[in-house]
Amino acid sequence: MCAAALEEYCGSIFWNASYVNREDPDLPVCVEQTVLVWIPLGFLWLCAPQHLLVLCKRSQVNTKHLSKLYICKQLVVSLLFLMAIAALAVTLGEDYGPNNEPSTEKNPGVYYANPVLYAVTWILLLLCQEGLRRRKGSVDSATLFIFWLLLVLCDVFPFQSLLRKALRLGEISDIPRFCLFYISFGLELIALILSAVADVPPEAEELVKKNPETGAAFLSRITFNWFNSMVVKGYKQPLVQEDMWELSEADSTADINQRFQYFMQSELGAARVRLQKKLKKKRDENRDKAQEEAFQNGLSNSLAKGVSQDVLMEEKGNKEDEKKKKKKDKKKEKNEHPNSWLIYTIYKTFKWILIESAFFKLLQDLLAFASPQLLKLMISFTQDKSRFVWEGYVYAVLLLVVAILQSLFLQQYFQRCFVLGMKVRTAIIAAVYKKALKVSNDTRKESTVGETVNLMSADAQRFNDVTNFIHLLWSCPLQIMLSIVFLWIELGPSVLAGLAVMVLMVPINGLLATKARKFQIENMKFKDKRLKVMNEILNGIKILKLYAWEPSFQAQVEDIRGQELKVMRKFAYLSSVSTFIFSCAPALVSLASFAVFVGVSPSNILTAEKAFTSISLFNILRFPLAMLPMLIAAIVQTAVSKKRLEKFLGGEDLESDIVRHDPSFNTAVSVCDGSFAWEREAEPMLKNVSLDINPGKLVAVVGAVGSGKSSLMSALLGEMYTTNGFINIQGSLAFVPQQAWIQNATLRDNILFGSSHEERRFQEVIQACALAPDLELLPGGDLTEIGEKGINLSGGQKQRVSLARAVYSQSDIYLLDDPLSAVDSHVGKHLFDKVIGPNGLLKDKTRILVTHGVSFLPYVDEIVVLVDGVVSEVGSYKSLRASRGAFSEFLDTYAKEQRNRTHSESDRCHDTGDVELIPEREDPQPDSPLEDTVSSTLKRENSIRRSQRNGSVRLRRNDSIRKPEHVSELKKGQRLIEKETMETGQVKFSMYIQYLRAMGWGYTVMVILVYFTQNIAFIGQNLWLSDWTNDAVDFYNMTYPNWKRDTRVGVFGALGVAQGLFVFLGTLLLANASVNASRILHSKLIKNILRVPMVFFDTTPIGRVVNRFAKDIFTVDEAIPQSFRSWLLCLLGVLGTLFVICLATPFFTILILPLALVYYFVQRFYVATSRQLRRLDSVSRSPIYSHFSETVLGLSVIRAYGHQERFLKHNEIIIDKNLKSVYPWIVSNRWLAIRLEFLGNLVVFFSALFAVISRDSLDSGLVGLSISYSLNVTQTLNWLVRMTSELETNIVAVERVSEYTKLENEAKWITDIRPPEKWPEEGRLQFDNYKVRYRPGLDLVLHGITCDIKSTEKIGIVGRTGAGKSSLTNCLFRIIEAAEGRILIDDVDVSTIGLHDLRNRLTIIPQDPVLFSGTLRMNLDPFNKFSDEEIWKVLDLSYLKDYVAGLQEGLQHEVAEGGENLSVGQRQLLCLARALLRKSRILILDEATAAVDLETDDLIQNTIRNEFSHCTVLTIAHRLHSIMDSSRVMVLSAGKIVEFDSPTNLLKKQGHFYAMAKDAGITLSDITAL
């Protein structure tokens, strides 16, 4: 019916099979005139509205200049319009022209309709292109490009029809239409080319330079060609942050966050309402219950009225219970948080990306099933030799087209999903940060800083990973369903056998996975333990060296490592079982299906099309079946993250209206009858506080520790809950917290804190805050970078920077929370005078100062005294003194302390004469973890270096106040900690060799052989299958013999199982080999690290060394074997595929070389770029977290200054910086994938093409084999590149480990020259012109020391800081080796014997007592040399016996890390016990400066006098009192001995020693008294 109408419309036949059933097929003219015209035009008409809408919007008419490209496009379309008019004219002319006979037949309708259709379309196109030009930010249109492409493709058919007709007839029958068609075709081609070029307006050119994606045309967008420039750049030189492109508006953090917050507000609001309803319902239920109970109780009570007193008691009890219950309910309520809103928010925010990506995924899934069907047609084509050749070519081209479309859709889908993942992560990070800025104290208490940072890092990353693959939730089931349907069509019900095998695999895999997780957890335990021990070893490495204890600790680490490797081996065996199952699966599945299929009935014959179609379908099935369990596991993990995030983000905010700002008050700060609590339900910390502070006053707040001074500050800042009353503040605030909060930025930025920089004001502030001298000493002045938490500033400096920040901010009201406690007294005085006090910079501002410093109180306007959270008195200094209340008590206690302190301080600074102000770099308070051991060691060394540069013997008088030692060292110190090398470029090949060598060559060769054999078995199995399918041809129309069937199935199955076994064997061997490699590399590393000289540890941060043991060893243990195996399997897979294709179609060999070359180049380009992008990503990721933890620590300061917005902005900038490297990395993967897939598609195309060309010589089985193989090759190629780059990234770990195994060692531990057994018997010491320097190239530290110390002498060694006292002990133990001269002990030159022989015979009691985690016994005697009795005896002597005997485990008592569960005094005594146990003839006592209280000190001195009377004792003294009873005193200065005599003689001599004694207040009479 329809065809008839069309034929009348065309005037010719619409369809006839004879057209195509011949050697040279063609389409009927009618089809060409109707269907092929309507397809492209219909497409355009559908898409036109979106372009025309822009024209309707009356936006300011975009007078974007008319580009040449635009004019050309419009010109071409206008010409086409003219052609259409011409065609219409021709038809009209023919029908109604002057020369036509009325009898002749009129032209059919199509000759009128088509030109008119075309003319209307071209007018529409002109409008569309104008609309496109006005569209903001668009450079080309995808729809228009596709329209031109369709048009040209559809016109190709008439193009060849007309030509062939003309050639056949030898003349052109219809010249005008012929010409018009070819001219139009040419114009269409030009239009197609023009539409593929981007039209970038001049105003957007700058943007395109910064972000090429915005100027990329449609073709470039779908093939990711715009990314080429980045890849080329990355190949030429390693990329750096500056090379990264700008983000587009939609990808920027600000934009994402804004949209996310908008949806979050509404969703969270709704969730809160739901929660309230739920809680209300619960409360009502509880109330009803309670009322019922009360009613019952009431009845029983009224019966027993007045019976006894018990009832009353009982009632009371009931009430108590009820109170408790209420509390419990409250607690429960507190734990409930608004839930199930986060997923909706994410969905609503990113709805469109989700829908788009789902659309692409759906298309790709459907196309995936087209390939097996085409393969089927192809095979049937090769079997039937009577078919026309052109069919084969059509199938080959169709295979190519389907594959290309599939690749394009898949990459677009992946691109969208990964970008979505990135955006979700960004949204969550930004939301968590924003929340953290305004979170209330309750919520803040619930999670530590670490946990909150974890929300940002781990939980956000989880969401990122899950959203990457979220569509698999529906796509996997869809793929499984479709595969089963198609397989059913092929094999009928026997497919269920194969399916059953697959389904059985799932629980087995699940079982293995849980087992594996158990091993993982166990492994983590050992890893943590090993790292803990390593950490301690590195922290206490100096002690280990001094005591020669390295072997014991090495054994300890090796022991833990052994257990770890055992678990690792188990884990590896387990994973090899799962690999075996996984690799057997495809073979078993196809075996089951085929065996059942041929076994069910003799009429079922396995043909090539059936077999290979099924195999490609099974291959499609493998992916969703493997992915689903993984996806479900990931979703379960994400559910946990979701809960945590919802709890944090749904928590309460700080109420912003706690503090009022009412201008009608005439005071600066007013608190009216306020009570404040830290938590909503808690008891108030401050009760009934009333305060009025007038503008411009200085008010001091004093009180004992814990009386609520800091809480008052927090209340004024609005950080506490107001339970009663209110606060009113007029003006802006500045806040100086008790613990200074310093940002990781330059010193200047820390002080400016977001204000603009004015040099004069800045200098004024610096001077006032006593920072000027510090700035001179810092290497970069005020532009010096301050480390995290202000690590390179001392406590006092931090406090002063914090104060300077407040002063610079020029606020109205200053809240100063005890800023003077962290600085020395003279600096405190300076700060008070110049900044805080009545004549300071802030004299006109309102200041509230919390202080313990009694000396400042007379100068303040008003004093507020707090006692237990209540204001007990307010008044001036005089009036409070007079009233003899709480204040005078406070004065008495503090004045006493102050006196003691000044006394001890005068001890410390040997003179407190007139002190010129030198910025103190005093030791940080013991509780602040400011300095790692490295920097303190350095400090000591530097002081030594500095003293040589000073040259003069007597230091300047005022230098005695701790000279800022960091100083010189920072300039040198810049170079002191060498920068860690970040690897760039390719990894050296020798690294691979080194790893293989560690695995063992035997293993390596066997592994490769076994895997190779497995591959041969795989190919053999498939060749057997293709041979099997040829039986269908041989036994055509004959009964298929049973024996033949059984052989076929048997061999097929055997080969399948064989390859499984080989994989199993290979994996086992590889597991053993890699455990081997891990063991060897780790033991080399630990062996070497313990033998490295001390200098290395002084110049390398511990973290860096630990990292080698943690991350790099982890990579060697787990990542490398994994990626090595995958790489090997991929490589062999690709080679196998190529081999089979070449076997089937020998022509293919010609193509291998060019393909391989292209592949190699793509891979090299990609690896270089991708590796560097990964590194940039990880480098730019850590600032996000460190900035966040910094923010959390400084919350109160940020809120006080009201800088939340600035920090939010800064956070956005940091995240954007990270996204700038994440986004290109995502694109680089797509760039690679699309190129490799095109390569793979070409392989498919050519293997099909050659199969068609040489079909006469091929059997159908081989064709099926080669094409189904090549369909699989794209994925394998992709994987191979991934694995190569991963292996390259991971092998860096071997490089880093081996770098540390090649470090230079110290001298041998034991040499051939062994000292006598009892050496040193006498304990005589001789220094002979001894010179030493810390490292080659530095100055000498000791300049030729010569002295002779007799047996059993007691020598005191004194000298100013940096005179070389500690160096002397370091030399005795050969921690540093001599530059010249020698040391003799009992006439043995110490440099000739082994280090352990030397160190075992000397004993030192070090300055800071270092303990290791382990038992007490291990800390005293790590080698188990001594009996328990001996140990108890020394414990008795060191006054620890009672303490240890009182412990439950006695000697087996576990010491915590760093000995934290013992007091400092006990630790010091343990060190004494160590020394007593060693009983050597020479004892060195590095006197403890800090932590020991006086009585412990006396105990130690006593024991030393009694127990070591027969030994030679060298004491390095910091307090002169302790060495006044020595036999002789050695005075060192600048590395030389300046005086060496008995104390009395030295005092009489009135030299250096005399000066020092005078400073310490010791006179001759004191000595004689001794």
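Residues numbered from 1 in each chain as written. Predicted model: local features only at pLDDT ≥ 70, side-chain atom pairs only at ≥ 80, totals over all residues. Heavy atoms only, no water.

A. Expanded view of the overall build of the chain. Each helix and strand in the chain was counted, giving 52 helices and 22 strands. Residue burial in the chain is summarised as follows: out of 1570 residues, 52% are buried. Expressed as a percentage of contacts within the chain between residues at least 6 apart in sequence, the contacts between residues at least 24 apart total 82%. (Helix = DSSP H or I, 4+ residues; strand = E, 2+ residues; numbered from the N terminus. Buried < 20%, exposed > 50% of the residue type's maximum accessible area, 1.4 Å probe, protein only. Contact = heavy atoms within 4.5 Å.)

B. Focus on the packing of helix H3 (residues 35-56) against helix H6 (residues 142-169). As a packed pair, H3 and H6 sit with axes 9 Å apart at the nearest point and diverge in direction by 170°. By the angle class used here, H3 and H6 are roughly antiparallel. Judged by residue contacts, Leu36, Pro40, Leu41, Phe43, Leu44, Cys47, Gln50 and His51 of H3 engage Thr143, Leu144, Ile146, Phe147, Leu150, Leu151, Cys154, Phe157 and Pro158 from H6. Taken together, the residues of the contact of H3 with H6 break down into 14 nonpolar, three polar and no charged. (Axes fitted to C-alpha atoms, helices over the stretch in contact; angles between N-to-C directions. Parallel < 35°, antiparallel > 145°, perpendicular 65-115°, else oblique. Nonpolar A, V, L, I, M, F, W, Y, C, P; charged D, E, K, R; others polar.)

C. How the structure looks around the environment of Thr638. With respect to the element layout, Thr638 can be found in helix H23 (residues 608-649). Given the relative accessible area of 8%, Thr638 is considered buried. Considering only alpha carbons, one finds Thr638 and Asp465, 173 residues apart in sequence, at a separation of 9.2 Å. In contact with Thr638, not counting residues within four places along its chain, are Arg462, Phe463 and Val466.

D. Fine view of the state of the cysteines. In the structure shown here, the tally under the stated rule is one disulfide. Two residues, Cys10 and Cys30, share a disulfide whose sulfurs are 2.2 Å apart. Taking the sign of the S-S torsion, 65° for the link of Cys10 and Cys30, the bridge is right-handed. Separated by 20 residues along the polypeptide, Cys10 in helix H1 (residues 2-10) and Cys30 in helix H2 (residues 29-33) bring together distant segments of the chain. (Disulfide = S-S within 2.5 Å.)

E. Structural detail: a nonpolar patch on the surface. Judged by side-chain polarity, Tyr393, Phe1147, Ile1150 and Ile1253 come together as a nonpolar surface patch covering roughly 390 Å² of accessible area. For Ile1150, the position within the fold is in helix H39 (residues 1149-1193). A residue is classified by how much of its surface remains accessible, and Ile1150, at 59% relative accessible area, is exposed. (Patch = residues over 30% accessible without salt bridge, like charges linked within 9 Å, V, L, I, M, F, W, Y side chains within 5 Å. Areas by Shrake-Rupley, 256 points an atom, 1.4 Å probe, with all protein chains shown as cover. Salt bridge = Lys/Arg side-chain N within 4 Å of Asp/Glu carboxyl O.)

F. The arrangement of the sheet that holds strand E12 (residues 1340-1349) in detail. Pairing in this open sheet of four strands is antiparallel, and the strands run E12-E11-E14-E15 from one edge to the other. The sheet is open, and its two borders are formed by E12 and strand E15 (1388-1389), each paired with just one other strand. For strand E11 (residues 1325-1333) and strand E14 (residues 1378-1385), the ladder comprises six bridges, and the chain directions are antiparallel. Bridge pairing in E14 links Phe1327 to Ile1383. (Pairing = 2+ DSSP bridges.)

G. The confidence of the model for the chain, seen in detail. Averaged over every residue, the pLDDT of the chain is 83; the share at 70 or more is 90%. In the model, residues 306-316 has pLDDT below 50 throughout and makes two contacts with residues more than four positions away in sequence or in other chains. Under a pLDDT of 50 for its full length, residues 900-977 has, in the predicted model, 132 contacts with residues more than four places off or in other chains. (pLDDT = per-residue confidence, 0-100.)

H. Highlighting helix H28 (residues 795-808). Between its first and last C-alpha, H28 extends 20 Å over 14 residues, near the 20 Å set by a 1.5 Å rise per residue. Counting buried positions over the 14 residues of H28 gives 14, a clear majority of the element. Just beyond H28, the residue with positive phi is Gln810, at close to 50°. (Expected span 1.5 Å × (residues − 1).)

I. Here's a closer look at the sheet that holds strand E4 (residues 698-703). Pairing within the open sheet is mixed, and its six strands lie in the order E6-E7-E8-E4-E9-E10. Each having just a single partner strand, strand E6 (733-736) and strand E10 (870-875) make up the two edges of the open sheet. This sheet shows a mean twist of 15° between the axes of neighbouring strands, independent of strand direction. In this sheet, strand E8 (residues 846-850) lies alongside E4 in parallel orientation, the contact comprising four bridges.

J. Representation of the side chain of Arg177. Within the secondary structure layout, Arg177 lies in helix H7 (residues 175-195). Residue classification places Arg177 among the buried residues on the basis of a relative accessible area of 17%. In terms of polar contacts, Arg177 uses its side chain to reach the side chain of Asp174, at 2.9 Å. Beyond its immediate sequence surroundings of up to four residues, Arg177 is in contact with Val90, Thr91, Glu94, Asn107 and Tyr111. (Polar contact = N/O pair within 3.5 Å; in protein donor to acceptor, adjacent residues only side chain to side chain.)

K. Representation of the packing of aromatic side chains within the structure. Tallied over the entire structure, the rule returns 45 aromatic pairs. Judged by centre distance (5.9 Å) and plane angle (70°), the ring pair of Tyr1160 and Phe1161 falls under edge-to-face. The partly exposed category is assigned to Phe1161, whose relative accessible area is 44%. The interplanar angle of 85° and the centroid separation of 6.0 Å between the aromatic rings of Phe1327 and Tyr1330 together place this pair among those described as edge-to-face. On the basis of relative accessible area, Phe1327 is assigned to the buried category, the value being 4%. The structure contains a cluster of three or more aromatic residues connected by ring pairs, namely Phe159, Phe178, Phe181, Tyr182 and Phe185. Directly above the ring of Tyr1300 sits Arg1108, whose terminal nitrogen or CZ lies 4.2 Å from the centroid. (Phe/Tyr/Trp six-rings, centres within 6.5 Å; stacked < 30°, edge-to-face > 60°. Lys NZ or Arg CZ within 6 Å of the ring centre and 35° of its normal.)

L. Focus on empty space enclosed by the protein. Counted according to the given criterion, the structure contains 11 cavities of 30 Å³ or more. In terms of lining, the largest cavity is formed by 14 residues, of which the most central are Ser67, Tyr70, Leu132, Arg133 and Asp199. Tallied by class, residues from the lining of the largest cavity come to five nonpolar, four polar and five charged. (1 Å grid on protein atoms, 1.4 Å probe; cavity = no way out; pocket = protein on both sides within 12 Å on 5 of 7 lines; lining within 4 Å. Points joined across faces, edges and corners; volume = space filled by probe spheres on them.)

M. Summary view of helix H15 (residues 370-383). In this model H15 runs 20 Å from its N-terminal to its C-terminal C-alpha over 14 residues, within 8% of the 20 Å that 1.5 Å per residue would give. Within H15, the full set of buried residues consists of Ser371, Pro372, Leu374, Leu375, Met378, Ile379, Ser380, Phe381 and Thr382. Buried residues in H15 make contact with helix H14 (351-368), helix H16 (389-438), H23, helix H41 (1204-1253) and helix H42 (1260-1301).

N. View of the nonpolar core. Membership of the largest hydrophobic core comes to 197 residues, with the highest contact counts inside it found for Trp122, Trp148, Ile863 and Phe887. Among the elements that line this core, the one with the most residues is H41, at 16 residues. Ignoring any residue separated from it by four or fewer positions in sequence, one finds Trp122 in contact with Val77, Leu80, Phe81, Ala84, Phe147, Trp148, Leu151 and Glu188. The next biggest cluster of nonpolar side chains, apart from the first, holds 112 residues, and it includes Phe369, Leu546, Val1116 and Met1530. (Core = buried A, V, L, I, M, F, W, Y, C linked by side-chain atoms within 4.5 Å.)

O. View of the environment of Met1556. Inspection of the secondary structure assignment puts Met1556 in helix H51 (residues 1552-1560). Since its relative accessible area comes to 12%, Met1556 is described here as buried. Taking the C-alpha atoms as reference points, Met1556 and Arg1360, 196 residues apart in sequence, are found 8.9 Å from one another. Not counting chain neighbours up to four residues away, the residues in contact with Met1556 comprise Val1358, Gly1359, Arg1360 and Leu1520.

P. Spotlight on the packing of H14 against H16. Interaxial distance between H14 and H16 falls to 8 Å at its minimum, and their mutual angle equals 150°. If you check the angle between H14 and H16, you find them roughly antiparallel. Crossing angle aside, the handedness with which H14 passes H16 is left-handed. Between H14 and H16, the contacting residues are Ile353, Leu354, Glu356, Ser357, Phe360, Lys361, Leu363, Gln364, Leu367 and Ala368 on the first element and Val402, Leu405, Gln406, Phe409, Leu410, Gln412, Tyr413, Arg416, Cys417, Leu420 and Lys423 on the second. Partitioned by chemical class, the residues of the contact of H14 with H16 number 13 nonpolar, four polar and four charged. (Left-handed = near helix turned anticlockwise from the far one by under 90°.)

Q. Layout of the pairing of E10. Looking at chain direction, strand E9 (residues 862-867) and E10 are connected through five bridges and run antiparallel. Across the sheet, Val864 pairs through a bridge with Val874, a residue of E10. Hairpin connection, E9 to E10: the antiparallel pair is bridged by two residues, and Asp868 has positive phi, about 50°.

R. Spotlight on a negative patch on the surface. Taken together, Glu285, Asp288, Glu292 and Glu293 make up a surface patch of like negative charges. Within the secondary structure, Asp288 is located in helix H11 (residues 253-303). (Lys, Arg positive; Asp, Glu negative; His and termini not counted. Charge placed at Lys NZ, Arg CZ, Asp CG, Glu CD.)

S. Region of the structure containing the pairing of E8. Counted residue by residue, E8 has five buried out of five residues, so it is predominantly covered. Across five bridges, strand E7 (residues 813-817) lies against E8 in parallel orientation. Residue Ile813 lies in a different strand from E8, and its bridge partner there is Thr846.

T. Highlighting the pattern of salt bridges. Under the counting rule described, the total for this entry stands at 51 salt bridges. Salt-bridge contacts for Asp653 lead to Lys438; the nearest nitrogen and oxygen are separated by 4.0 Å. Of this pair, Asp653 sits in the loop between H23 and strand E1 (659-660) while Lys438 sits in helix H16, placing them 215 residues apart in sequence. The residue Glu1288 makes a salt bridge to Arg1171 at a minimum N-O spacing of 2.2 Å. In this pair, Glu1288 sits in helix H42 while Arg1171 sits in helix H39, placing the two residues 117 residues apart along the sequence. For the residue pair Glu1288 and Arg1171, the accessibility class agrees, reading buried in each case. One network of salt bridges, in which partners are shared, links Lys527, Arg530, Arg561, Glu564 and Asp1117.

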